[in-house]
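Per-entry structural report
Letter by letter, the chains look like this.
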Amino acid sequence: MAGGKAEKPRRRGSSGGGGGGERSQPYHGGFQGGVSFDKSKGQHILRNPLIVDSIVQKSGIKPTDIVLEIGPGTGNLTKKLLEAAKSVIAVELDPRMVLELQRRFQGTSLTSRLKIIQGDILKTDLPYFDICVANIPYQISSPLTFKLLAHRPAFRCAVIMFQREFAMRLVAKPSDTLYCRLSVNTQFLANVYHLLKVGKNNFRPPPKVDSSVVRIEPKKPAPTISFKEWDGLIRLCFSRKNKTLGSIFRQKNVIALLEKNYKTLKQVQQAHPASTEIACMAEDVADFDEESNMDLDEGEEMEMDDIDMVGEKQENPFKEKVMGVLRSGDFEKKRASKLSQEDFFSLLSLFNQQGFHFC
């Protein structure tokens, strides 16, 4: 590394995050190879060479591996990756950094093993790779994670630096404060491990938040349940994660949504008798939106029963069918924030057995 320092620019777009989308004034006090770093673009220089060495070591790179690096900046981490791997595919948005990378490795023995793609990682068709190493802008954390997990063929692992809170959501377990829909969906598709915390003072200028490095290993074989079906259930359960499932599924708008899906599926099955389940496209993994929820009325918090015009309760057979599914698995009084992957698998299976689907 130049000068023996692990200085890696982090920027908004696709070449290093660190700032988590800060809107501060540009910082032009950091230079490397004649390139200035702009804090307003989330560019922060990683100062600690031990962290770079640790990232490479924890990636478990083999001499036969093709490595995808997202946000190589001026190439300090790239150099270490090239020394360990068969080749590196570097995706970089900033044309200044692309030129710097080309200059840095031109004429060296490493240049033939480096392929540079200039572009937005979220809009780039990714080639085959064995391992991904990424130092990303925090605002693309969620879409990038699910883009990678949707990639086929599946890679062996990804070692990525995230904003610390996002990283802790990825690894959170039931009953943890940060356990959420993101936790459940990521762990449905992959095994996730927290590797190390990176304090903000390891960067110049320091960002406002700490970072963490996470290792993501896609599950092999991949789950046979479609992601769209799975996420439909999880999204509904976490629409109000601290309320009981009975309370959530008893709401009028939820019942109406499930009834619509139920009737649509019945119509499909009548038209195509050989079809036993609704078709959900697996590629929808890449479209996961961490912030989105079911189209529910956020103001409807009370447990609602169907009421007729004179105020007397009317029985709703469809609602009783839904509640019967919850009761059959003892889920009515449970909360999403306490449920494990196995619990959600069981719940989805119970609904499917009764003809309910969530996509």
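Quick notes on the rules
- Throughout this description, residue numbers start from 1 for each chain and increase along the sequence as written.
- Totals for whole chains, interfaces and linings use every residue, but because this is a predicted model, local features are given only for residues with pLDDT of at least 70 and side-chain atom pairs only at 80 or more, for both listing and counting.
- With hydrogens and water set aside, each side-chain value is computed from the structure's full complement of heavy atoms.
- UniProt positions are given in the numbering used here, feature names are shortened, and annotations may be inferred rather than shown by experiment.
- Any two strands with at least two DSSP-identified bridges between them are counted as paired.
- Counting from the N terminus, the helices are the DSSP runs of H or I reaching at least four residues and the strands are the DSSP runs of E reaching at least two.
- Axis angles are defined between N-to-C directions and span 0 to 180 degrees, where every axis is a line fitted to C-alpha atoms and, for a helix, only to the segment in contact.
- Under the scheme applied here, a residue whose accessible area is under 20% of the maximum for its type counts as buried, over 50% as exposed, and between as partly exposed, the area being computed with a 1.4 Å probe on protein chains only.

Taking an unreviewed UniProt entry as the reference, the protein chain is identified by name as rRNA adenine N(6)-methyltransferase belonging to Acorus calamus. Reading the Sequence similarities (unreviewed entry) entry of the UniProt record for the protein chain gives the comment "Belongs to the class I-like SAM-binding methyltransferase superfamily. rRNA adenine N(6)-methyltransferase family."

All right, on to the sheet that holds strand β7 (residues 131-135) then. What the 7 strands build is an open sheet, ordered β6-β5-β4-β7-β8-β11-β9; its pairing is mixed. The open sheet terminates on both sides in strands that have one partner only, identified here as β6 (114-118) and β9 (190-198). Going across the sheet, the axis of each strand differs from the next one's by a mean of 20°, ignoring polarity. The sheet contact formed by strand β5 (residues 87-92) and β6 spans 5 bridges and is parallel.

Moving on to unusual backbone geometry. Between Arg152 and Pro153 the backbone carries a cis peptide bond, its omega angle lying at 0°. Summarising the element assignment, Pro153 is placed in the loop between α4 (141-150) and β8 (157-163). Cis geometry marks the peptide bond from Lys220 to Pro221, where omega comes out at 0°. Summarising the element assignment, Pro221 is placed in the loop between β11 (211-218) and α7 (227-237). One non-glycine residue with positive phi stands out, namely Ser175, at about 80°. You can see Ser175 is positioned in the loop between α5 (164-171) and α6 (181-189). When its relative accessible area of 48% is taken as the criterion, Ser175 is described as partly exposed. A positive phi angle, near 60°, is found at Asp330, a position not held by glycine. Looking at where Asp330 falls in the secondary structure, it is placed in the loop between α10 (317-328) and α11 (341-353). With a relative accessible area of 56%, Asp330 lands in the exposed category.

To continue, consider the pairing of β11. Of all 8 residues that make up β11, 7 are buried, and the element is covered over most of its length. Here β8 pairs with β11 via 6 bridges, running antiparallel. Within β11, the position partnered with Ile160 by the bridge is Val214. The pairing of β9 with β11 spans 8 bridges and is antiparallel. For Lys197, the partnering residue across the bridge sits in β11 and is Ser212.

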